[in-house]
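Residue-level listing of the chains:
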Amino acid sequence: MKPRRLIYLLYRYILISFVFLILYLPNVFLCRTQNLNLETYYLLNFGGFYLSKSFDIVEVIKFLVPNLFIIYMFSEIMRSECIINYVYVFIRTAKKQKWLFQITMRLFIYIATLYIWLFLLTLVIGKFAGLPLESDSFFKMILPLYFLNVLTIFEFVFLQNILSMKNGSALAFILIVILYAIPLIAVSLLQQIFSLNIILYFILPTNQMYLWHTDRINISEAESFFSSPLSGFFLLNSLLILFGFIVVSYHIYRYRFIRKDMIELIKE
């Protein structure tokens, strides 16, 4: 990896880590005082906000702010590199396709690596605080929890980047906030309507919400902290839908990207 890119990543990973620590520290204190285990700590940090009969704006903000901060920190990567390289790289269609694939894969690696770090940091803090680990439930939970977060946030990072190419980062981020936050709030307010409704899978950010899934692990000593899941909402289906969203959005933008001149694709 080039030194410039390494510095870019470290700088952003450090800032993101500080934002997540604001979430991690109160949650580990809660788990320690309530004698809860490490699985509960992971769910409080990454499982999404719980559904309740009364709308809890504090819980919603605690979930939205760190995730939106990740999206913001990885915005405009495509646009900045296009501005630097398009004279040399984008003369031929084949080079445009190769560049788009490479930078998309780089974005995915950035997000996947970030969540490995955030999950490891959670483990270190949890073990340092003395939270017990139930190995069977932990290993059943950790991979679905990881991939729901990685795939969802990567898709929004990708959308943020392709929207910022033409619209600039400010407008693109406002659009992403709307696409990410409003559906989650709407489902939490109208949860009875969405129960057993296949439309849940096609409201992109709801798939990230591990706690909302019917087949999530149940932790008996922590159930009072979490709401009942939405009936008929399954983890495997969400993972497949998220992967499908990524493939479709990439190919739609690829089709447009290779057929437009760069002057039409990039806002100066």
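In short, a report on the structure. In this text the structure is predicted, and so the values were computed from the model without any measurement. (Residues numbered from 1 in each chain as written. Predicted model: local features only at pLDDT ≥ 70, side-chain atom pairs only at ≥ 80, totals over all residues. Heavy atoms only, no water.)

1. What to know about a nonpolar patch on the surface
We count it as follows: Patch membership is restricted to residues that have no salt bridge and whose relative accessible area is over 30%. Joining uses 9 Å for like charges and 5 Å for the nonpolar side chains Val, Leu, Ile, Met, Phe, Trp and Tyr. Reported accessibility uses the Shrake-Rupley method at a 1.4 Å probe radius. Residues are deemed covered only where the shown protein chains occlude them. Only one rule defines a salt bridge in this text: a Lys or Arg side-chain nitrogen within 4 Å of an Asp or Glu carboxyl oxygen. Labels follow the DSSP assignment, with helices taken as runs of H or I lasting at least four residues and strands as runs of E lasting at least two, numbered in each case from the N terminus. Burial classification: accessible surface area is computed with a 1.4 Å probe over protein chains only, and a residue below 20% of its type maximum counts as buried, one above 50% as exposed, and the rest as partly exposed.
A cluster of nonpolar side chains, namely Leu 171, Ile 174, Leu 175, Ile 178 and Ile 182, defines an oily patch on the protein surface of about 430 Å² accessible area. Note that Ile 174 resides in helix H7 (residues 169-189). Judged by its relative accessible area of 48%, Ile 174 falls in the partly exposed class.

2. So, unusual backbone geometry
Although it is not a glycine, Asn 35 adopts a positive phi angle of roughly 60 degrees. Among the structural elements, Asn 35 can be located in the loop between helix H1 (3-33) and helix H2 (38-46).

3. Structural notes on the side chain of Ser 75
The cut-off we apply is this: What makes two residues a contact is simply this: any of their non-hydrogen atoms within 4.5 Å.
Assignment of secondary structure puts Ser 75 in the loop between helix H3 (57-73) and helix H4 (77-89). Ignoring any residue separated from it by four or fewer positions in sequence, one finds Ser 75 in contact with Gln 160 and Asn 161.

4. Some points on the pattern of salt bridges
Per the counting criterion, the structure on display carries 1 salt bridge. In this structure, Glu 59 engages Lys 62 in a salt bridge whose closest nitrogen and oxygen atoms are separated by 3.5 Å. Separated by 3 residues within a single helix, Glu 59 and Lys 62 lie in helix H3, roughly one turn from each other. Assessed through its relative accessible area of 32%, Lys 62 is described here as partly exposed.

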